[in-house]
Amino acid sequence: MVRLTIQFILAAVMLKLPVFKEIFQVMSKVAMSLEEATKAGASFVFGYLDGGSLPFDEKSPGSTLSYEIVSLGVKSIIAGTLATCMTGATVGIFAINV
């Protein structure tokens, strides 16, 4: 219980300090650039099915699901990796002092 409390305190401190806010903003920009790269790559591979220019006149606008699925997958992988790394680092820091 003490370690969980310490983790919440660290999270609150990290969210209030400007240095950590800048780090999170940089990580957000990295995630957005990955999303843009994913969109460009999917558009190249799938062509007009995933946001590329249409080779014909569009009669009724619709949405493409493939980009949304790929984008969600990339975001999930990044979020999971960051959460795992931060949890491991926190546990590692406190395990040394026990």
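Residues numbered from 1 in each chain as written. Predicted model: local features only at pLDDT ≥ 70, side-chain atom pairs only at ≥ 80, totals over all residues. Heavy atoms only, no water.

**Observations concerning the overall build of the chain**
From N to C terminus, the chain includes three helices and zero strands. Put simply, the chain runs from its N terminus to its C terminus through helices and strands in the order α-α-α. When each of the 98 residues of the chain is scored for burial, the buried share is 7%. As presented, the chain carries roughly 7,800 Å² of accessible surface, and 71% of it is formed by carbon and sulfur atoms. (Helix = DSSP H or I, 4+ residues; strand = E, 2+ residues; numbered from the N terminus. Buried < 20%, exposed > 50% of the residue type's maximum accessible area, 1.4 Å probe, protein only. Areas by Shrake-Rupley, 256 points an atom, 1.4 Å probe, with all protein chains shown as cover.)

**Some words on the environment of Ala79**
Its place among the elements puts Ala79 in helix α3 (residues 65–96). Once the C-alpha coordinates of Ala79 and Ala31 are considered, the two residues, 48 residues apart in sequence, prove to be 9.2 Å apart.

**Some points on a nonpolar patch on the surface**
The grouping of Met1, Leu4 and Phe8 at the surface amounts to a nonpolar patch, some 410 Å² of accessible area in total. The topology assignment puts Leu4 in helix α1 (residues 2–16). (Patch = residues over 30% accessible without salt bridge, like charges linked within 9 Å, V, L, I, M, F, W, Y side chains within 5 Å. Salt bridge = Lys/Arg side-chain N within 4 Å of Asp/Glu carboxyl O.)

**Remarks on the confidence of the model for the chain**
The predicted model of the chain has a mean per-residue pLDDT of 77, with 73% of residues at 70 or higher. Of all secondary-structure elements in the chain, the lowest mean pLDDT belongs to α3, at 77, while α1 reaches the highest, 84. (pLDDT = per-residue confidence, 0-100.)

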